[in-house]
Each structure stands twice: as C-alpha cells, then as structure tokens.
Amino acid sequence: MGSKISTGCKQLSGTSVASPVVAGVVCLLVSIIPENRRKEILNPASMKQALVEGAAKLVGPNMYEQGAGRVDLLESFEILKSYQPRASIFPSILDYTNCPYTWPFCRQALYSGAMPVIFNATILNGMGVIGYVQSPPTWHPSTEEGNLLRIHFTYSEVIWPWTGYLALHMQIKEEGAHFSGVIEGNVTVRIFSPPAQGEKTARTSTCVLQLKLNVIPTPPRSKRILWDQFHSIKYPPGYIPRDSLDVRNDILDWHGDHLHTNFHIMFNMLRDAGYYVETLGSPFTCFDASHYGTLLLVDLEDEYFQEEIEKLRDDVINTGLGLAVFAEWYNVDTMVKMRFFDDNTRSWWTPVTGGANIPALNDLLEPFGIAFGDKILNGDFSIDGEHSRYASGTDIVRFPRDGYIHSFPFLDSSESGATQNVLLNSGMNKADSPILGLLDAGEGHIAVYGDSNCLDSSHMVTNCYWLLRKILDFTGSNIKDPVLFSESAKQDVPLYEDDNRLPSRRTDVNYTLYSAVTGKDLICRSDSRFEVWGTKGYNLHVRGRNKIMPGHHVIDLGRGLNSTFGSSRSRRPKFTKKRKGDSLGNRYFSLLYRDELDVPELVASHWVVPAIVAVTGFVLILSIWRIHHKRRRRRRSASGRLANI
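To start, this report covers the structure provided alongside it. In this text, all values refer to a predicted model and were calculated from it rather than measured experimentally. (Residues numbered from 1 in each chain as written. Predicted model: local features only at pLDDT ≥ 70, side-chain atom pairs only at ≥ 80, totals over all residues. Heavy atoms only, no water.)

Topic: the overall build of the protein chain
Counted only if it meets this: A run of H or I in DSSP becomes a helix once it reaches four residues, and a run of E becomes a strand once it reaches two; helices and strands are each numbered from the N terminus. Throughout, exposure labels follow a simple rule: accessible area from a 1.4 Å probe, protein chains only, divided by the maximum for the residue type, with under 20% read as buried, over 50% as exposed, and the rest as partly exposed. Here a residue-residue contact requires only that any non-hydrogen atoms of the pair lie within 4.5 Å. All accessible areas in this document rest on Shrake-Rupley with a 1.4 Å probe, and a residue is counted as covered only by the protein chains that are shown.
Looking only at helices and strands, the protein chain features 13 helices and 25 strands. A burial count over the protein chain gives 47% of its 645 residues as buried. Summarising the internal contacts of the protein chain: among those between residues at least 6 apart in sequence, 76% fall at separations of at least 24. When the accessible surface of the protein chain is split by element, carbon and sulfur atoms take 54% of a total near 31500 Å².

Shown next, in the form of structure tokens:
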C-alpha cells in the first residue's frame, strides 16, 4: 500500500514497488545497531539473513513467487539485536507436505527411476566477505527409510562475495521402487571464513537444510512424460522472437519456456490428469526410452546431434517410445522483416530462428517421413465441439501414407504468404492447411501439431489441453480417439514436399553462439540418470549414509538402453563408437556412480584400485626384466665354456 497522488491509499505490486520499501527497511535496521558494532555484524549476508528469517510467509503464492514472504521489520530487528556472525542456507526447509508454498516440488512426489529432482538453495555467509566449504555436504536421514534417498551435491567451494549456492540432485534408489511414505532428514555443510580483525582463529558455522519428501512407487510407463528442456535456448543469448506474432508489445521469447514458468498451468493440468512429468536437461542419448510413455517436444529452438536423431528413431520404432511435437512458425522473410536497432546495445538485432527451429525439427523427424513448412497460419477451428485458436502456427508438408491428417482453412500471414495472397486474391482467401498429424511408427506412436501457443500461458487465447490429453492417450497408451482417427482423416497417399521447398536455415547467423549443440560435445549433464549411447558422463559428489536396506530388494529399472525389461527388440545403433580413453579403468570408475558405495569405499576406490594396478604392472615388468637378465647370463656363461673347449 502507498499514497495516492490525489488522496487516500493505492495498492501496487512488483519489484519497482518492493525495492524502495525493502531499502527503507534496511536503513531503519541499520540505524538501530550501535555504530561501534556495525562493522562487526552488518554486511549484505547478515542483513539478508535478518530480512528472510524475519519475513512472514504469505498464503497462496509459492516460494518462487514470494521468496521468504512479506518483510517484517520488528522480527528482523529482534534477529539483528542478538545477531552473531554465522552462515546459513536459504530456504532452510524443503517440505513436500507444505503446498502450495513449495510448488512445484510438492506437486509431484519422488519415485525410483526418475530424472534427478534439483533443488537450489543459497548459502549466506555473514562471517566474512569470503568463505570456504570445509567438507562436502552430508545427508543425515532421520530413519532407515532415508537411506532410499540418493543425493548428489553441487556447490560453491568458495563463498564469495558473501554468498554461494548449494544444489541437491535427489533420486530414489532402485530398491525403493515400491516404497510409499515420507523421508525426513537434514543436509549439513560446514563453512569457515578467515579470522576477523583482532581474532586469531577462523570463524566456522554449520548450515542445516531440512528435508521432508514424499515418495511413491514408480508409476507405470504410460503415465510418465519426459519434457525436453535441453533443446530450448535459454533467454537471452540472442534474439529469439515471440511465438505469437499478434502480440506486438512483447518482441522476445523471454518467459523461459519451462514447465514451471509459462507452461505451469499445463504442468498442473497434467498432474491433475494423473501424469508424471520429468525434465530432461541433457541430449536424447541420456535417457532410457523404456521408462517413458511419451517424449514431449514443445516450442524448441536448438539443433540436434546426429546421434540424437538416430537414437530417437530407434527409441520410437523399436522401444515403443511415444513422441508428441508442438511446433511453431518459421519463415525467413518474416524474420528479416523483424530486424530492429536496439538503443541500449547500439546494434542491430535480427532473429536467429523463428518461433521454433523448424529446419532442425525436420531433420529430427525425417526418419519418420514428417516435415513442417514455412507458413505462418492464423485462425479458429473446431474438433468434436472443442474450439481452439491457431496463433502463428506452421503447417505440415510431409506425412506418410496411412497416417491421420487434420486440415483447416487458415490465413497465411507470413511475409511471402501475405505477398502471394495480395497478388492472387485481393480478398485474402483462406486455404486448407494440415496442422495435426497422427502416426503409428513401428512399436511407437507419433503426434505432431504446428502450434504451441495453446499450451503456453503467456499469450494464450484458448487452450488445447483437451487435445494434449487425447495425444498423450495415443502416444503413451495407444488409445485412439474416434474423432481424431476417423476414416476421413486417414491418408491414402503420402503428403510430400520436395527437399528444396522445405524451410532452410539462415546462412547469415552464427548459431554456435546460442546453441548447446552446434560446435559442442555430446555430454550427459548433471540432471540426467545415465551415461549411455557413447556420451560423456558427469561427475558429482556423493556423501552421507548410503546403503542398501534390508527388505528393500534392488529392482532393475534399466541402467542403459540395452537393459530394458528383457526386450530383445532394443538394439545399439551402428553410429556408436568407442571413445579414446574408454579403457577398462574408465569403465570401472563409471560404475562408482551407478552402484552406490559407502563413503570410505567410494573415496578409497579412487586411489586404491589405480595403486594396485600400478604396483601389479611394476612387479610384472620387474619379473620379465629379471627373467630376461638371467637368460642373458646363462648364454654368456655357456659361450665362455665353449670357447675354453
């Protein structure tokens, strides 16, 4: 609440309003600390500790919407009045039972076989401008069931200035595949800072993060969806234009394109419908397709490794993975017209791609005979009484025979399309355009749709969640809606466009500046479960009580593509090559991150095994040298006796 210019009060919201209020609170808090103590206890970290620990949580908004809550001047004053320099973690609690504050975590329980759930916390170090992590973080479960939780840690080894980060990569072990219940415990990390002026010993502090996690049995494959985040280019490396060209006041696609930002309503809908959604932050080579009913690709801008293209083909045709694609517009003439001069950077900005990277998507879908075009279609349509808006979507120009295609009359608003319409038809007539395709592909099922705006809550006119549910029924469970799979929609002849008429990449853009694929190595990142298909793995800290519990047998959920439910159809493609350094030793060390070991065993294994190998090799070489030396001595003595004779 603030003063209205005329009279009375007015309510406003946003950072621009919150910042001056908090700045005023900080000034008041500083003023009540005696001047002779200010240098000792006041710094950015201690002030933030007082603010967040004294704040009152709001009912309704989640932790990412409200932070610590509404600032409370008196509570923060009480904290500072008795403050002693220390380090702390914020948030200090992750409680899956506290909904909606801990959304999205409280919205989906943990289960065995899932991609790691990553929780990021901030380390606040009020002891000094620089600090250090004294020893790796440790997980301390409250009960034996807590040993079913596996946590990898990534963190700032140097805390500077005043702050650092701690990330938890949480998974349920294979022996917890049938466990249902709550896991509780603490994560602790010890921080130290150099002595302050006049002190002789280092300052130390133990930070505690409390965990209370819901765990359920592993859901069935058909209900598990894998959301591709890896191929969504993060804002703001380049000019990625908006998805709906009707929205003129929002030129950049800056909302994150993430399940928990502009797709959060869709995420809640999927959870309400009984689906479990996991996030893939690594290439397609880093997941086991036998675990998932559907791979969901929505509004993606990046390229694809050739290995990804070949693996996805194998996953769909041989492993039965469902594939659902929601594309976007792509038209080079329109992109060129969207070029503008930015007064802030004093440079020309030009789109590096369209709403989605259609040339890359076409490469990915080429093994299935599917391709999108370069039209920008707009209009309303209806299927089975459900009305939807098609906002700046693209068209389907290739689709195999015996697939199901749905076409509707739309207006092509692309630069090239609009020009042709003006020349040919002054009335701007609409033409039927294919926008939805459904196909059985070997063991798997594919659905492609040319627009993602109906899933994106940013500029949505009408949603198409009803269509998404029907698509997921098909891709995950092969349930075919009678309207979508009507005989009138079946293709007797293939839909085909020549290669030279498919959308092409821009040659005037250096895509390596923005891409996680072009010019990069094929690497499984820290948010993936497996090192499979010849990709490079990752290396993270594992600390804490970590053992197989009696009564919880290990359930083999598959550790790679070829260990899937005993299926003989899965095969390793020919492109996989043995890498340099793929030695027996490297293969041995990769096992340390697949089969959990206790901490002493884990640490020792990193030097004991190499030492044993080195000593054995040395002894072997020494033995060979001694045998060779003895043979030479015998030959010399024999030749001397012959000479005497």
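Considerations on a nonpolar patch on the surface
Using the following cut-off: Residues qualify for a patch when their relative accessible area is over 30% and they have no salt bridge, like charges being joined within 9 Å and the nonpolar side chains of Val, Leu, Ile, Met, Phe, Trp and Tyr within 5 Å. The rule for a salt bridge is simple: a side-chain nitrogen of Lys or Arg has to be within 4 Å of a carboxyl oxygen of Asp or Glu.
A surface patch of nonpolar side chains, about 530 Å² in accessible area, is lined by Val615, Phe618, Val619, Leu622 and Trp625. Inspection of the secondary structure assignment puts Val615 in helix α13 (residues 599-644).

Some remarks on the nonpolar core
Quick reminder of the rule: To define a nonpolar core, start from buried Ala, Val, Leu, Ile, Met, Phe, Trp, Tyr and Cys residues and group those joined through side-chain atoms within 4.5 Å.
Residues Phe284, Phe287, Leu295, Leu323 and Val448 are the most contacted members of the largest nonpolar core, which totals 42 residues. Those elements giving two or more residues to this core turn out to be β14 (294-298), α7 (306-317), β15 (322-326), α9 (358-365), β23 (431-441) and β24 (444-449). With 41 residues, the next largest nonpolar core counts Ile225, Leu436, Phe474 and Leu484 among its residues.

Some words on helix α6 (residues 264-272)
For α6, the complete set of buried residues consists of Met266, Phe267, Met269, Leu270 and Arg271. Elements that come into contact with the buried residues of α6 comprise β12 (224-228), β13 (276-280) and α11 (465-477). Downstream of α6 by one or two residues, Gly274 has phi in the positive range, about 90°.

Details of the pattern of salt bridges
Summed over all chains, the structure comprises 19 salt bridges. With a shortest N-O distance of 3.0 Å, Glu278 and Arg224 are connected by a salt bridge. Taken together, the positions of Glu278 in strand β13 and Arg224 in strand β12 put the pair 54 residues apart, joining distant regions of the chain. The partner of Arg389 in a salt bridge is Asp380, and the shortest N-O contact between them spans 3.6 Å. On the basis of relative accessible area, Asp380 is assigned to the exposed category, the value being 54%. In this structure, a network of salt bridges that share partners links the residues Asp246, Asp380 and Arg389.

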